[in-house]
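A look at the structure
Letter by letter, the chains look like this.
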Amino acid sequence: MAGSDWTCSLSTMREWESPDYEPSLPISEKSNPLTRDIDRASATCIVRMLQASDAQMFQEGTGTTYKRLLSEQVVETLMEVAKRVELILEDPQDSLVVLSGCGTSGRIAFLMASSFNRALRELNKSPVYSYIIAGGDKALLSSQEAPEDDPRMGMLSLKRVCEGKRRVLFIGISCGLSAPFVAGQLDFCLQHPEVFTPVLVGVNPTHQARDEPIPGCTFTFRSVVQRMQELAKSQKAFLVNPAVGPEAISGSSRMKGGSVTKILLEVVLSAAHAATFTNTSVTYMGILQHMRAYEKTLDITYAQEEGISALLEAAGRSLRRGGRVCYLGWGSLAATGLIDASECIPTFGADYNDVRGFVSGGYRELNNNEGPLISLGPDFCIAHEDFLRLALPSLSDLDAVLLVYTHSDDVCDVVKLARRVREKTSNLHAVYHQVDGDTAAAVQQNDINKVCLSSLRISWPPPASRSLLHMQWELSTKLLLNAVSTGAHVLKGKIYQNHMIDVQVTNSKLYGRATRLLRKLSGCPEHRCEDALLKAIYRVDELTADISSSDINTHTLAARNRTKVVPLALVCLLTGRSLQEAETHLERQPVVREAVEACLSPSTRRGVIVARPRT
Ligand code: F1P
């Protein structure tokens, strides 16, 4: 199945839609049948699997199952939300559109608020968009999973941003319909309907919204959603929650979840801008056409299967040998690189130096609420100058460097930096976007090609609109870099089947996911899995009464500075070894997949696929 001839049938594409498929899990947490064997796949097959998984975003529904991206109901809701944004753009006095989320959802909120405020500035209009990310701006570049569990902090941050406003359209993003931070904000909106109209964006159906009690609250995410559903009947609240299929790496909502959030928000905000500033009314066809442009974006991007596979191989090789992967980005693509890199830390348990992103213009270009964050340490140094100062001196052929730009950027600057990098490493690659027939930067591109080991050109038909083209370039870059960083970590052995086994257990959602994963891979009952998880978190062979009686918040706080928690718990469960022995075992075999498989006797292989060589 994972061989070099990997293809997928329509029934595999649709298997997750069956009511019998992992029925206890919401879609955002299910494992994708397409990628079951991704941990043993070649680079090319990984790319094909990711392409098939991304293609599920645009798959039409079969009528009886879930609402999809292109479903009538979704398109109609997007039209209504766009009209609400239009009202604010027409009369922005004391009004605001707030976009908010945790982790990737907050990062997309930031990107959207920034780029649409920039569009307003170019028209000499004042900004109307604000973003909130749980944990503040440092969460744009680093993993801050704990604030996600804090509904009060969510509510307070929203209150602060909206002080004195008379009309606010609040767009809360939680792919899993699960983050208490966002639930707190939506609840606040529902309590103040005279000011707030709440919109919820996610990728689970409403009945799969999280129903776990939130400490200190009378509501759950699901009960908030139910109140919104009531109000949605009179268009006082909106729910935009198409199903796009499980993530290629289970629960990794930075991938499709992030992409679909970007698509939905760009469609809404672009339609509102066109209606306000170019007199183009919001229409069903207009929304649909914009969506189709993104579908085309997937085709154009993945047509470069060979080039993407080569990049993924190069990045995987670097990571396997202890080297680094650096993205050097220009223009709006640079932030995409920065975000992709920062997400590797919580997703794969990576070190911050493993994959790093640098932005031409640094914080000036990023233009985030809190300004430069360099005082937080070297991992918050993001400008190309920082790369030259901190990374370049120690760069070698072990490290892979990717230049990410478009031919609308300062290509002369790309040439200059490429030459400097080439003095240190030959492992230099270019990824660039260009409009068909545009030869303005041909000479510089030629110079870049000369110093790069590979150059991946993604060529686009002349656009109907410049802004649409930029949105397509950004999505294309997101897909490509997600593929490179995910694939490289798969090749490094960080993924087990299609699960992030080395996931950090730093909030309640991730705690639940870790326990479920242990159950699935060990076959042990839930209470034993949770005990093993706690022992790995607290590094004890016996649980004290203190530990057993503490709540999940305390556990996730304790897990903050721990590494390899889930792999350790799994080795203990599978082998009955002490923590110390399990630690030694994992030290000897840092490839988590192989370390775990080495512990499996045939009798413990329940639910676990036997290792085969990578094909
Ligand atoms: C928010 C989020 C993810 C992140 C991780 C923890 O999820 O921070 O972005 O990758 O899984 O949760 P959601 O609220 O958008 O579902």
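Rules used in this analysis
- Residues numbered from 1 in each chain as written.
- Predicted model: local features only at pLDDT ≥ 70, side-chain atom pairs only at ≥ 80, totals over all residues.
- Heavy atoms only, no water.
- Helix = DSSP H or I, 4+ residues; strand = E, 2+ residues; numbered from the N terminus.
- Rg over C-alpha atoms; globule rule 2.2 N^0.38 Å.
- Buried < 20%, exposed > 50% of the residue type's maximum accessible area, 1.4 Å probe, protein only.
- Contact = heavy atoms within 4.5 Å.
- Areas by Shrake-Rupley, 256 points an atom, 1.4 Å probe, with all protein chains shown as cover.
- Lys, Arg positive; Asp, Glu negative; His and termini not counted.
- Charge placed at Lys NZ, Arg CZ, Asp CG, Glu CD.
- Pairing = 2+ DSSP bridges.
- Axes fitted to C-alpha atoms, helices over the stretch in contact; angles between N-to-C directions.
- UniProt positions renumbered as here; feature names shortened; annotations may be inferred.
- Expected span 1.5 Å × (residues − 1).
- Near = heavy atom within 4 Å.
- Polar contact = N/O pair within 3.5 Å; in protein donor to acceptor, adjacent residues only side chain to side chain.
- Left-handed = near helix turned anticlockwise from the far one by under 90°.
- Nonpolar A, V, L, I, M, F, W, Y, C, P; charged D, E, K, R; others polar.
- Domains from an automatic or database assignment.
- Buried area = accessible area lost by both parts, 1.4 Å probe.
- Salt bridge = Lys/Arg side-chain N within 4 Å of Asp/Glu carboxyl O.

**What about the overall build of the protein?**
Looking only at helices and strands, the protein has 25 helices and 12 strands in total. Computed over the C-alpha atoms, the radius of gyration of the protein is 23 Å, within 12% of the 25 Å expected from 2.2 N^0.38 for a compact globule of 615 residues. Dimensions of the protein, computed from the C-alpha atoms along their principal axes, are close to 70 × 60 × 50 Å. Taken over 615 residues, the protein has a buried fraction of 59%. In the protein, once contacts between residues fewer than 6 apart in sequence are set aside, the share between residues at least 24 apart is 77%. Carbon and sulfur atoms make up 50% of the accessible area of the protein, which amounts to about 23600 Å² in all. Once the 66 positive and 68 negative side-chain charges of the protein are each reduced to a mean point, those two points are 2 Å apart.

**What to know about the side chain of Ser-342**
Of note, Ser-342 is situated in helix H12 (residues 331-342). In this structure, Ser-342 is in contact with Arg-107, Leu-140, Leu-141 and Ser-142, ignoring residues within four places of it in sequence.

**Some thoughts on the sheet that holds strand E3 (residues 167-173)**
Read across the open sheet, the 5 strands follow the order E2-E1-E3-E4-E5; overall the sheet is parallel. Of all the strands in the sheet, just strand E2 (129-133) and strand E5 (238-240) have a single pairing partner and so form its edges. Pairwise comparison of adjacent strand axes, ignoring direction, gives a mean angle of 20° for this sheet. Bridging between E3 and strand E4 (residues 196-201) involves 6 bridges; their strand directions are parallel. Note on E4: the bridge partner recorded for Leu-169 is Thr-197.

**Some points on the UniProt feature "domain: SIS" (unreviewed entry) in the protein**
Per the UniProt record, the feature "domain: SIS" (unreviewed entry) sits at residues 84-278 and 315-494. For residues 84-278, helix accounts for 45% and strand for 14%, while the C-alpha atoms at its two ends are 17 Å apart. Between the end C-alpha atoms of residues 315-494 there is a gap of 14 Å, over a span that is 47% helix and 18% strand.

**Focus on helix H16 (residues 411-422)**
Compared with the 16 Å implied by 1.5 Å per residue over 12 residues, the 16 Å span of H16 between its first and last C-alpha is a close match. The complete set of buried residues in H16 reads Val-411, Val-414, Val-415, Leu-417, Ala-418 and Val-421. Considering only its buried residues, H16 is in contact with strand E6 (325-329), helix H15 (384-391), strand E8 (400-406), strand E9 (428-435) and helix H17 (442-451).

**Some points on the site of the ligand**
Near the ligand, the surroundings consist of 14 residues, among which Ser-105, Ser-174, Cys-175, Gly-176 and Lys-509 are the closest. Thr-104 places a main-chain nitrogen or oxygen 2.9 Å from an oxygen atom of the ligand. Here an oxygen atom of the ligand sits 2.8 Å away from a polar atom, N or O, in the main chain of Gly-176. For the ligand, the accessible surface in isolation is 380 Å², of which the surrounding protein chains cover 94%. Secondary structure elements with two or more residues in the shell around the ligand: helix H4 (104-122) and helix H19 (508-522).

**Side note on unusual backbone geometry**
In this structure, Asp-94 takes a positive phi of about 55° despite not being glycine. The residue Asp-94 is located in the loop between helix H3 (72-90) and strand E1 (95-101) in this model. Owing to a relative accessible area of 35%, Asp-94 belongs among the partly exposed residues under this scheme. Even without being glycine, Leu-177 reaches a positive phi, approximately 45°. You can see Leu-177 is positioned in the loop between E3 and helix H7 (180-191).

**Some points on the packing of H19 against helix H23 (residues 565-575)**
Put simply, H19 and H23 touch, their axes get as near as 10 Å, and they point 35° apart. For the element pair H19 and H23, the recorded crossing hand is right-handed. Facing H19, whose interface residues are Ala-514, Leu-517, Leu-518, Leu-521 and Ser-522, H23 presents Val-566, Ala-569, Leu-570, Leu-573 and Leu-574. Its residues assigned to classes, the contact of H19 with H23 comprises 9 nonpolar, 1 polar and no charged.

**Examining the domain arrangement of the protein**
Segmenting the protein into domains produces domain 1 (91-246), domain 2 (304-496) and domain 3 (501-610). Here the C-alpha centroids of domain 2 and domain 3 sit 34 Å apart. With 10 residues of domain 2 in contact, the opposing surface of domain 3 contributes 12 residues. When the two sides are added together, the surface that domain 2 and domain 3 hide from each other amounts to roughly 860 Å², 55% of it contributed by carbon and sulfur. Of all residues in domain 2, the largest losses of buried area upon contact with domain 3 belong to Gly-493, Lys-494 and Tyr-496, amounting jointly to 65% of the total for that side.

**Considerations on the pattern of salt bridges**
For side chains of opposite charge, pairing can occur when their charged atoms come near one another. Inspection of the entire model under this criterion finds 32 salt bridges. Where Lys-83 meets Glu-80, a salt bridge forms, and the shortest distance between an N and an O atom there is 3.8 Å. Remark: Glu-80 and Lys-83 occur in helix H3; sequence separation between them is 3 residues, near one turn of the helix. Classification of Lys-83 by relative accessible area gives partly exposed; the value is 33%. As a salt-bridge pair, Asp-340 and Arg-254 come within 3.1 Å of each other at their nearest N and O atoms.

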